[in-house]
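Tertiary structure, described
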Amino acid sequence: MRLDRFIASQKAELSRSDVKELCRKGQVTVNGETVRRPDVQINESGDEVRVSGEAVGYREHIYIMLNKPKGVVCATRDGLSQTVLELIPPELRRRGLFPAGRLDKDTEGFVLITDDGALAHKMLSPKSHVPKTYLVGTAYPVTEELVPAFAVGLAIDGGETCLPAQLTLSEDPFRCTLTIHEGKFHQVKRMFEAVGNRVTSLKRISIGRLALDENLPLGGCLEILHKDVEKLLSC
Ligand code: URA
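Residues numbered from 1 in each chain as written. Predicted model: local features only at pLDDT ≥ 70, side-chain atom pairs only at ≥ 80, totals over all residues. Heavy atoms only, no water.

1. Considering the site of the ligand
The ligand sits among Leu103, Asp104, Thr107, Tyr134, His186, Gln187, Val188, Lys189 and Leu202. In the environment of the ligand, an oxygen atom lies 3.1 Å from a nitrogen or oxygen atom belonging to the backbone of Lys189. Starting from 240 Å² of accessible surface for the ligand in isolation, the protein chains cover 95%. For the shell around the ligand, the element with the most residues is helix α5 (residues 187-194), which contributes three residues. Per-class residue counts for the shell around the ligand are four nonpolar, three polar and two charged. (Near = heavy atom within 4 Å. Polar contact = N/O pair within 3.5 Å; in protein donor to acceptor, adjacent residues only side chain to side chain. Areas by Shrake-Rupley, 256 points an atom, 1.4 Å probe, with all protein chains shown as cover. Helix = DSSP H or I, 4+ residues; strand = E, 2+ residues; numbered from the N terminus. Nonpolar A, V, L, I, M, F, W, Y, C, P; charged D, E, K, R; others polar.)

2. Remarks on the domain arrangement of the protein chain
You can read the domains of the protein chain as domain 1 (3-55), domain 2 (63-126 + 212-233) and domain 3 (132-207). On the side of domain 3, ten residues touch domain 2, which itself brings 14 residues to the contact. Along the contact surface separating domain 2 from domain 3 lie two salt bridges. Here Asp106 ties to Lys189 by a salt bridge, and the two come within 2.7 Å at their closest N and O atoms. Counting across the domain 2 and domain 3 interface gives seven residue pairs in polar contact (both at pLDDT 80 or more). (Domains from an automatic or database assignment. Contact = heavy atoms within 4.5 Å. Salt bridge = Lys/Arg side-chain N within 4 Å of Asp/Glu carboxyl O.)

3. Let's talk about the environment of Ser81
Of note, Ser81 is situated in the loop between β5 (63-68) and β6 (98-100). Separated by 63 residues in sequence, Ser81 and Glu144 have C-alpha atoms that sit 39 Å apart. Those residues in contact with Ser81 that lie beyond four places of it in its chain are Gly71, Val73, Glu86 and Lys105. Of the polar contacts made by the side chain of Ser81, one reaches the side chain of Lys105; its length is 2.8 Å.

4. Some remarks on helix α1 (residues 3-10)
Judged by how many residues are buried, α1 sits mostly within the fold: six of eight residues are covered. Every buried residue belonging to α1 is among Leu3, Asp4, Phe6, Ile7, Ala8 and Gln10, and all of these are buried. Residues of α1 that are buried sit in contact with α2 (16-24), β1 (28-30) and β3 (49-51). (Buried < 20%, exposed > 50% of the residue type's maximum accessible area, 1.4 Å probe, protein only.)

5. Regarding the sheet that holds β3
Within a sheet, neighbouring strands are paired by backbone hydrogen bonds and run either parallel or antiparallel to one another. One open sheet accounts for four strands, arranged β2-β1-β3-β4; its pairing is antiparallel. Edge positions in the open sheet fall to β2 (33-34) and β4 (54-55), since each of these has one partner strand only. Summarising the sheet, β3 and β4 pair through two bridges and their orientation is antiparallel. In the strand pairing of β4, Val51 is matched with Glu54. (Pairing = 2+ DSSP bridges.)

6. What about α2?
Along α2, the residues classified as buried are Val19, Leu22 and Cys23. Viewed along the axis of α2, the buried residues span an arc of 100°, placing them on a single side of the element. In α2, the exposed positions that point more than 90 degrees away from the buried face belong to Ser17 and Arg24. Close packing links the buried residues of α2 with α1, β1 and β3. (Arc of directions from axis to C-beta.)

The following block contains the structure:
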């Protein structure tokens, strides 16, 4: 890959013309040698590239866990509201980032931000049945007899039937945990409406076998380690 292309692909704050300028100024080294020509070919997984002394590590894709606060929209652009992409700190930004899946504006919790379209496709495919777990606050108490109703597959408005879902009650009858295996529009809210209840708060706490980091504050992000990425797809 060309040196300028490589650096610009890994560092969203630098355009290719910025990189050319940095090369001209002698700020770029490859394996310890100053390289002033931005068009030299490098081996992105073997050569050590530094910009102003800072190593540029090669990652083909990036996976970010975001703890989305209420009021922020899962979109790449929005004329009115803050988007999840605006919460990504500069050091994790890259071209091509997008939220893999949507939470409603008033839902909190785990959103995956990535530039890996293939992984997002697998995770969101209706055939993959990746589990997603939510903490649900409700307007009315949730009782034991709802557990089998959710487990067999609930019929919701519009004539749709949901896949079996796992409802777990807590000591507080107004709070429960629900795991679903698909992603229909407003699915959790519609499931509770179908049983005569109403969702008052919603937070996604896991995707696949990867749980939202308990220490991640609302609005906070962390890069998911590559060894943990496959947990996003496991059932
Ligand atoms: N189900 C909903 O109703 N809303 C969400 O944001 C996610 C799942």
